Each structure stands twice: as structure tokens, then as C-alpha cells.
Amino acid sequence: MANTAEQVAASCAESGDDRSRLLDVLLAVQRRLGHIDEAAIDAVAARLRVPRVDVAGVVSFYSFLADEPRGRVVIRLCNDVPDLMMGVERVAEGLEEELGIRFGESTADGSFTLEWTSCIGMSDQAPAALFNDVVVPNLGPGAARRLVRELRAHPEVTDLRRLLVREYGDGQNSHDVVRAAVKNNLRRAGAVIFGTREPEAGLRKALAMSPAEVIREVKTARLRGRGGAGFPTGMKWEFARAGDTGPRWLIANADEGEPGTFKDRVILTERPDLLFEGMTIAGYALGAARGLLYLRGEYAYLRAYLEHLLAGRRAAGLLGEQVCGKAGFAFDIRIQMGAGAYVCGEETALISSCEGLRGDPKNRPPFPAQRGYLGRPTSVNNVETLCCVPRILEMGSGWFASLGSRRSTGTKLLSISGDCTRRGVYEVPLGVRLREVLEMCGAEEPIAVQVGGPSGQMVGTADFDREICFDELATGGALVVFGAGRNPLDIASKYMAFFVHESCGYCTPCRVGNVLLKERLDRILAGRGEPADLDYLQALAQTVKTASRCGLGQTSPNPVLSTLRNFRWAYEALVRAPVGGEQPGFDIAARLAEAAALTGRESIHFGSGREVR
Amino acid sequence: MTSAPFTLSVDGRAIAAQPGQTILEAADAAGVYVPRLCWMKDLLPSGSCRVCTVRVNGRPQAACTQPAAAGMVVENDTEELRALRRDLIDMLFVEGNHFCMFCEKSGNCELQALAYRFGITAPKYPYLFPRRELDASHPEVLLDRNRCVMCARCLRASRALDGKAVFGFTGRGPAKRLAVNSATGLAGTDLAATDRAVAACPTGSLLVKQVGYAVPVGRRRFDHAPIGSDVAPAAGE
């Protein structure tokens, strides 16, 4: 108890006893105590003067915060679709056998906890897992067991990288502060993000201009948000700037959680200075003196490296009181860690999370540009978007607009995984045809491609000649390729499971509707669907899409809607019409078994039910 | 922002609105009923139940959070939106464990009343039968999470009207639950039976003990006129 009080006090003090830093406080408490129990919740609540139910609400919201004791090593195995395609279930069996526990459990000696987790941004090197903060990519069942044995044999080793990382990945993954096994798999560098550049040239040009001129340049380049929504960046900044005077905020959204997306991870590894330069220019254009980099919890392994680079920028005068010696322009960046919640990639949920709240999206209006972080005008921009900005300033808006297509200028990073031979990151001009991309990545006779992750759409061969751009096949970057033998409905069901897990639960349609969509989809997959279920799914999906409060629920029915549209044959092959009043959806054998278990005897009329069918 | 009244159109009818009003407030003042559940007078809207979804210039919006604006074209009582609201009410029934036939709140329950108004006799979605905890620890108030619809009215009323913080939420998605501000249950909080938070519950999730079934059938809140009749008489009346 005394220890809890001390550790909580230290954790709160670290964040300046600021209740808006509750997420940081709780991450610190967990780092010190292993988990956040009732006593710790009470202590945090008392010290920060927050109702304890609010602290408990935050702890229970984020997947990476735990209110129960966990092992010294928490193994989080990624259960995203590419991992399942690469045999993660065998890795799971191997781990369960080796540890003698099931998923969701901890070993009795307090050494290990085993959990499933959503996409960790390693789809090109699946199956992948996190061992605490350490990423273990390309994990096979044998290797998984071997690593567990090593960890068990060397409990004295605190830096798990020493045991888990056999070989460093390429590029900066081998940097002394990173030392990760992660690979960049950068297959194609384009002109904007991974092209050759003169560092800080864009920033220096921007500072020689007025903020309004910088915004005009970005608008002339017709830069649109790279996170998926495609909102014009310059307009977003203008709105935030038009708000009242006083503090404004710039937030870089590095909560890359859309399953199958991992391009920001490669930016954060190979082009972090371009991002920081872009954030600084955005801060100047907006009139923001402070920026936050919201880094998803899954990328915690990059945190020390990014902090190291930020310190270097401060020392070089690129951040601080007078950026590049420019009088009157102060700007600095703080890294805000996330804690395992996909919905926090939604900009208002991200702001809630930065404020130490549950990651619930906020009602709009007011929009973040009017009242965002801590009630102040805020612009939230995607990492890739911010990286385009210095290049636009350096090379000119005309150069940028000459790349890509008319309404979709510039290049786009694609994260490609699944059934293809060259998985990885590709920087391509916007407007490229899907077919060309599939050739680039070595996809042999694909039957389907998930464009834009589960919130995007699953397209079939009929759509392969469409363009990847904001107005046709829009994508935040994820492309998962499916070859012959994959079942589109099975994939859709996995994606619905993801949305059920990641819904914040604030609004009715998303909280309940996704569960109902998955129920009916699974019923069809089990061979108990009937033709009328297709209309049922269509109507239900439309209700969830129309009535949901934020982008999560407005897009979560897309796996169902796009498969109904593009893979209707897969549904039709599974459903069967009711015959003679029988309902295919009703599993009489299962219901009778349930009744028998409750009553302790078989039904007098139907027996076990097998002969009924 | 202008301070002059303005007009907007709701289902083709021009209604007057004051600056600062939401669509729902303006509609109420004009005698147009927009169905709602999580909305409650004197509280900031939460926009969570989505029952008040309308189309504004074609785009779906929650009427309780969307500010009214001059010239807005609002669709409210359309076949599409009636179906959408029915679906949402259905969802609220199947995600909890509601048992109207012996619930003390029957006849005074806003969820039940909405179902009647929308002609729902049985939900079209399968029941999810969630496991939810009951908290009978408080001497005067019962909390039955089986009947909770996550409207946050108790949560908001406790904070905004009672000056307390008795309620909150834990978990997320389908695992989201109403929680109380104490590790020992409702008895460990400073809740009083007279708190506005208790009366704010639209269903039988928060009940004052020892006064059950005090109002006989025939004299309950919704026995004679459907919910919303205080704003506008329902069709067929």
C-alpha cells in the first residue's frame, strides 16, 4: 500500500500533477507497479482530484492498460488478417503449449501473460508479436517457443531486446537507440516522402514567408489529408487560424491503427526529421507554439529514438524559443503515447485521449479547428500529410501539383501485404491503377484486394482498373491482397470482429450494430443463413453507417457492404431457402443441447435433435 | 453570430428558431416532435442514442447536438428515418435484458414508450443476452444494469444538477458498462434517492426502493398518450 502511494505520487509528479495528462500518469503507474489496481486508481483519483470512476473509466478503455496483475513479459500476438493468413494460429498454439496457459491468462509464477491484439503495423512481416515493447516479426511456432524458453532462462535480463532481437532490421532499425528486428521493406521510393531532399530547406523557406503565404502555398499544391478522409490541409489550417487569438495546437496523428497500414512506421523510422520539419512549418502556419506527436502504443519501441532526435533538433535551434533564429516564433513538440485503441485515430477521439479522457470521439460542432485540444483551436494532421509540407515549400506547389492526378496531387504511400511476393511500402503517384500496383508487388492472380483497410472496401477483379486516389479507390494506405482460395466472407467476419473490439461504445448503432452484423455474417458462414439474410445485412449495415456518430461506425459496415456488392456469389453459395417451414437459422440440435444441459435430461419429444433435421 | 431569429424547414414546414438553439430545441418550440431518448432538458446533449437522427441538407445529424441554422432543410418524419429509429430502438432492447412485463418502470419507461410509438411488438434482431451486474447495495436506490441503455442521463445529471459525480462508464464497445464512483458499489457513493440523477433514468435501470408499482395501470405516464405527445399530438389522435 505504501509502495502504491509512493509510486502513484511519483507518476503524477512526472506529468506535473496535470489531470489532462491522466493517460501518461496511468502508463507510468503501470510501468512501476505492473498493473493499476483499485488502490492505485483511488490514489491517482485523490492526487489529481478526479472522480475515481473517471480514472477507472480510462483504465478500462485502453487495451494496453490493465487493472489485474500481469506477467513480467506480456506477449501480445497480432490477430489481424495478414497474420491469420501467415499461420498465426500455429504460433498461438505453440505459445499456449510452451507456457501452459490460454490467451487472456498469466502464468502462475507471474512471468508471462498471453494476449491477442489488433494490427500492430507489421502486416508485411506477419505473424508478428509484441513482447512488452519489443517487436518480434516473422514469428514461427518454433521460434516463439524458443524465445519463451530464453526469457524464462534469463529473468535477470531487463532489456528484452538482448534476448529477442537476433538480427537488426534495415536502415535506422539498427540505430543504437532503436535496435529493432523490424524491417522497412521500402520497395519503391517516390519523389515526395522518400525522394532526395535538402533537410530543413522547406522550413527555412517557410520562415521567410508569412504564415498566410505558407497556407496559400499548401492550398495551391492542393494537398489533401493522407489519413484517408482527404480533407484539404490548407483549409484545415486556415480554419484553425481563423479562431480566436491565444494558444493553438498542432497534433500529428501517428496512431496508425487501420489494419494493414504500416507506412507511418517507416516514415517514423526513416524520415522522422521530415515529419518534425513539417510539424514545425504547420505550427508556424497555424500560429501554434506547441505540437503533440500522438504515437500509438504499438510503436513505443520508436519512442526513445524520436525523443533523441527531438533533443537534437532543440540543440540545433530547430525547435525552441526562436526556431532557426526567427524572432517571435517559438515551437516545441511533446510525444503523447497512445495505449491500444484504434478509435483514437479519429481526430476528436485522439484529442480526448490527449486530454486524459476515455477515447470517445466528441460531438461536432464545435470542430477541432474551433475548440479542440484543451478547448483551443487545433489542427490534427496525418504523419504523411505533414511530411508532404516541407517538400511543397522546398520544391514549390507547382512541382507537387504536377505529381499525381488533378484532384489528387502528390504521391501516396501504400502498405501492401497479403498474398504477394514483395510486401512492403510503396510510394506511388496518386491516380495509379490498382492493377499496376498489384503487378509491382508480385500479386499472382489475386481474387480480391482490401483497399483502405477494413474501413475501406474489398474489391474484386472488376475494379482492378480503377485508380487509387481520393475520388475513386480512396485509401489511407492499406492494401491487403487475397489470392485464390481465400474466402471473402471469412475475411469480412474477421474485420467485423475487429470493429466490435474497437468500437468505443458511445453511440447505439456502432456499439450494438457491429455485433449484430457479425452475428448474421457468422450464421451465414456456418451454413445456417437464408436468402432473406442478405437484405437484412444490407439494411442493418445502412442503419449503422447512417446513424453512427463518428467515422468508425460510419465505415465499420463496409466489410459487409462491399462484399455484398462485389462478392455476392460468396453469400449466395452459402445461404439456403427455408423448406417446409424450417428456419435454416435455427440450430435445433444446439438449442436442445442447451436445454438438456439446463434440465439434466434429453427432450422427451426430440431427443438430441439430430433425427429432427 | 447573429442574434436575430431565423427560419429553417422541417419536413417542408417553415419553423422559427432562435440563435443558439439546436434543431431539436427549435422543433420542440415549434411543436414538431423529433423522437429522442438520451436527451434531457437542463442537460448538455450527449448525442449517443442517435434516435433523434434527422437529415440536414441530406446529411444525417443528431438533432440534439446540431445547431439550427437559417435556411436548413431538415427531414424528420420520413419513412427512412422512422425505419432507422425503429432499428436503433430495437438495438437498445436486444443489447440489454429488458423485461417490461414485470418491470416497475413499465408505463413510465421512455424506451418502452418509444417502442409503442414505433409499433414495435418484438425486436427483429436476436437478443444478445449480455451478462450484466446488479447493484442492490444502496439502501434507497437499486441499480440494475440489465435495463441500462447507456444514455448517460444519470451521469450528466449527477454532475451538472446534483453537483456530484456518482456515475461514469467503464469498458468499451459491447463491454461498456455504467459504473459508480466507488470500489464498493452504489452504497459507497454519496447518491441520495432524491438526486436528479435517479429521476433522470429513462428506463428501470435506476429505481427508488420501497415505492414500486405505486402508480396503478391507467394512471402511468404513457398510459393514455404516446411519448412525444407533450410536444406534438401523435398521428391518429
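What counts, and where the lines are drawn
- Position numbers for residues count from 1 along each chain, tracking the sequence in the order it is written.
- Note on labels: chains are lettered from A, ligands numbered from 1, in written order.
- This being a predicted model, a pLDDT of at least 70 is required before a residue's local features are given, and a value of 80 or more before pairs of side-chain atoms are given or counted; all residues contribute to the totals for chains, interfaces and linings.
- Strands here mean DSSP runs of E at least two residues long; helices mean DSSP runs of H or I at least four residues long; both are numbered from the N terminus.
- Here the radius of gyration uses the C-alpha set of atoms, whereas the globule reference equals 2.2 Å times the residue count to the power 0.38.
- We call a residue exposed when 12 or fewer other C-beta atoms sit within 10 Å of its C-beta, buried when the count reaches 20 or more, and partly exposed for counts in between; the C-beta positions come from the backbone.
- Residues are treated as contacting if the C-beta atoms built from their backbones sit within 7 Å of each other.
- Just so you know the grouping, Ala, Val, Leu, Ile, Met, Phe, Trp, Tyr, Cys and Pro go in nonpolar, Asp, Glu, Lys and Arg go in charged, and all remaining residues, Gly too, go in polar.
- What makes two strands pair is DSSP finding at least two bridges between them.
- Working convention: axes come from line fits to C-alpha atoms, limited for helices to the stretch in contact. Angles between N-to-C directions cover 0 to 180 degrees.
- Note that the term roughly parallel is reserved for angles under 35 degrees, roughly antiparallel for angles over 145, roughly perpendicular for angles of 65 to 115, and oblique for everything else.
- Throughout, a crossing is termed right-handed when the near helix is turned clockwise from the far one, and left-handed when it is turned anticlockwise from it by less than a right angle.
- An automatic or database domain assignment provides the domain bounds reported here.
- Joining buried Ala, Val, Leu, Ile, Met, Phe, Trp, Tyr and Cys residues through C-beta atoms within 7 Å gives a set, and that set is a nonpolar core.
- Multiplying 1.5 Å by the residue count of a helix minus one yields the expected span of that helix.

Draft legend 1. Geometry of the overall build of chain B. When its secondary structure is counted, chain B shows 5 helices and 10 strands. On C-alpha atoms alone, chain B measures out to a radius of gyration of 18 Å, which is about the 18 Å that the 2.2 N^0.38 rule sets for 237 residues. The principal-axis extents of the C-alpha atoms in chain B amount to approximately 50 × 40 × 35 Å. The buried share of chain B, taken over its 237 residues, is 45%. Of the contacts formed within chain B by residues at least 6 apart in sequence, a portion of 65% connects residues at least 24 apart.

Draft legend 2. Spotlight on the overall build of chain A. Secondary structure assignment for chain A yields 25 helices and 16 strands. In chain A, which comprises 613 residues, the share counted as buried stands at 53%. When contacts within chain A are restricted to residue pairs at least 6 apart in sequence, long-range pairs at least 24 apart make up 70% of them.

Draft legend 3. Representation of the interface of chain B and chain A in the model. Opposite the 31 residues of chain B that make contact, chain A presents 32 residues. At the level of secondary structure, the elements contributing two or more residues to the side of chain B that touches chain A comprise helix H2 (79-95), strand S8 (167-170) and strand S9 (177-180) of chain B. Within the side of chain B that touches chain A, the residues separate by chemical class into 17 nonpolar, 9 polar and 5 charged.

Draft legend 4. Representation of the sheet that holds strand S13 (residues 448-451) of chain A. All names here are of chain A. Taken together, the 6 strands give an open sheet; going across it, the order is S5-S11-S10-S16-S13-S14, and neighbouring strands pair in mixed fashion. Strands with a single pairing partner mark the edges of an open sheet, and in this sheet they are strand S5 (186-188) and strand S14 (457-460). Neighbour to neighbour, the strand axes of the sheet diverge by 30° on average, direction disregarded. When S13 meets S14, the two strands line up antiparallel, connected through 4 bridges. Each residue of the ladder has a partner; that of Val 451, found in S14, is Gln 457.

Draft legend 5. Spotlight on the packing of helix H10 (residues 211-220) of chain A against helix H13 (residues 272-286) of chain A. All names here are of chain A. Orientation of H10 relative to H13, taken along the N-to-C sense of each, is 120°, at an axis distance of 7 Å. Here H10 lies oblique to H13, going by the angle between them. In this structure, H10 meets H13 at a crossing whose hand is left-handed. For the pair H10 and H13, contact is made by Pro 211, Val 214 and Ile 215 and by Ile 281, Tyr 284 and Ala 285, respectively.

Draft legend 6. Structural detail: the domain arrangement of chain A. Domain annotation for chain A reports domain 1 (2-61), domain 2 (73-169), domain 3 (187-402), domain 4 (412-482) and domain 5 (488-572). Placing the centre of domain 2 of chain A and that of domain 5 of chain A at their C-alpha centroids yields a distance of 31 Å.

Draft legend 7. Region of interest: the domain arrangement of chain B. Residues and elements named next belong to chain B. When its domains are assigned, chain B resolves into domain 1 (6-77) and domain 2 (86-208). Computed from C-alpha coordinates alone, the two centres of domain 1 and domain 2 are separated by 25 Å. Taken together, the contact pairs 12 residues of domain 1 with 16 residues of domain 2.

Draft legend 8. Highlighting the nonpolar core. By size, the foremost hydrophobic cluster in this structure holds 243 residues, and its most contacted members are Leu 26, Val 44, Val 135, Val 136 and Ile 251 of chain A. If sequence neighbours within four positions are ignored, Ile 251 of chain A has contacts with Gly 291, Leu 292, Tyr 294, Leu 350, Cys 354, Tyr 373, Thr 378 and Val 380 of chain A.

Draft legend 9. Representation of the packing of H10 of chain A against helix H11 (residues 233-242) of chain A in the model. Residue and element names in this part refer to chain A. It is at 7 Å that the axes of H10 and H11 come closest, and there the two elements cross at 150°. Classified by the interaxial angle, the pair formed by H10 and H11 is roughly antiparallel. For the pair H10 and H11, contact is made by Ile 215, Val 218 and Lys 219 and by Thr 233, Gly 234, Met 235, Trp 237 and Glu 238, respectively. Looking at the contact of H10 with H11 residue by residue, the classes come out as 4 nonpolar, 2 polar and 2 charged.

Draft legend 10. Expanded view of helix H4 (residues 52-61) of chain A. Burial analysis of H4 of chain A places 10 of its 10 residues in the buried class, the great majority of the element. Within H4 of chain A, burial applies to Arg 52, Val 53, Asp 54, Val 55, Ala 56, Gly 57, Val 58, Val 59, Ser 60 and Phe 61 of chain A. Those residues of H4 of chain A hidden inside the fold are in contact with helix H2 (22-33) and helix H3 (38-48) of chain A together with S8 and S9 of chain B.

Draft legend 11. Region of the structure containing helix H16 (residues 383-395) of chain A. Residue and element names in this part refer to chain A. Across its 13 residues, H16 extends 19 Å between first and last C-alpha, which sits within 8% of the 18 Å expected from 1.5 Å per residue. Counting buried positions along H16 gives 13 out of 13 residues, so the element sits mostly inside the fold. Remark: Gly 396 follows H16 within two positions and exhibits a positive phi of approximately 100°.

Draft legend 12. Expanded view of the sheet that holds strand S3 (residues 129-131) of chain A. All names here are of chain A. Strand order across the open sheet formed by 4 strands is S2-S1-S3-S4, with mixed pairing between neighbours. Among the strands making up the open sheet, the edge pair consists of strand S2 (112-117) and strand S4 (134-136). The mean inter-strand angle of the sheet, taken between neighbouring strand axes irrespective of direction, is 25°. With 3 bridges connecting them, S3 and S4 associate as antiparallel partners. Bridge assignment links Ala 129 to a residue of S4, and that residue is Val 136. Strands in contact with helix H6 (residues 88-99) are strand S1 (73-78) and S2; relative to S1, the strand with the most contacts, it is inclined by about 155°.

Draft legend 13. Fine view of the environment of Arg 248 of chain A. Relative to the assigned elements, Arg 248 of chain A resides in the loop between H11 and strand S6 (249-254). Distance from Arg 248 of chain A to Asp 133 of chain A, taken between C-alpha atoms, is 32 Å for residues 115 residues apart in sequence.

Draft legend 14. Region of interest: the environment of Cys 154 of chain B. Residue and element names in this part refer to chain B. Tracing the sequence through the fold places Cys 154 in helix H4 (residues 153-160). According to the C-beta neighbour criterion, Cys 154 is buried, with 27 such atoms within 10 Å. Sequence separation of Cys 154 and Cys 201 is 47 residues, and the distance between their C-alpha atoms is 6.0 Å. Apart from the residues lying within four places of it in its own chain, the contact partners of Cys 154 are Phe 167, Ala 197, Ala 200, Cys 201 and Leu 206.

Draft legend 15. View of the pairing of strand S4 (residues 59-62) of chain B. Residue and element names in this part refer to chain B. As defined by bridge partners, strand S3 (residues 53-56) adjoins S4 across 4 bridges and the pair is classed as antiparallel. Pairing of Val 54 across the sheet is with Gln 61, part of S4. Between S3 and S4, which follow one another and run antiparallel, lie 2 residues, and Asn 57 among them has a positive phi close to 45°.

Draft legend 16. Representation of unusual backbone geometry. Cis geometry is found at the peptide bond from Ala 126 of chain A to Pro 127 of chain A, where omega equals -5°. Here the amide bond leading from Pro 365 of chain A into Pro 366 of chain A is cis, since omega sits at 0°, within 30 degrees of zero. Within the secondary structure, Pro 366 of chain A is located in the loop between helix H15 (347-354) and strand S9 (378-382). Even without being glycine, Asp 17 of chain A reaches a positive phi, approximately 50°. Residue placement: Asp 17 of chain A occurs in the loop between helix H1 (2-14) and H2. Unlike most non-glycine residues, Phe 129 of chain B shows phi in positive territory, near 40°.

Draft legend 17. Here's a closer look at the pairing of S13 of chain A. Residues of S13 of chain A alternate between two faces, with Ala 448 and Gln 450 of chain A on one and Val 449 and Val 451 of chain A on the opposite face, all of them buried. Adjacent in sequence and paired antiparallel, S13 of chain A and S14 of chain A are bridged by 5 residues, among which Gly 452 of chain A carries a positive phi angle near 85°.

Draft legend 18. The arrangement of the environment of Thr 121 of chain B in detail. Residues and elements named next belong to chain B. With respect to the helices, strands and loops of the structure, Thr 121 is situated in the loop between helix H3 (110-117) and strand S6 (134-135). With 6 C-beta atoms counted inside 10 Å, the residue Thr 121 sits in the exposed group. Between the alpha carbons of Thr 121 and Asp 90 there is a distance of 10.0 Å; along the sequence they are 31 residues apart.

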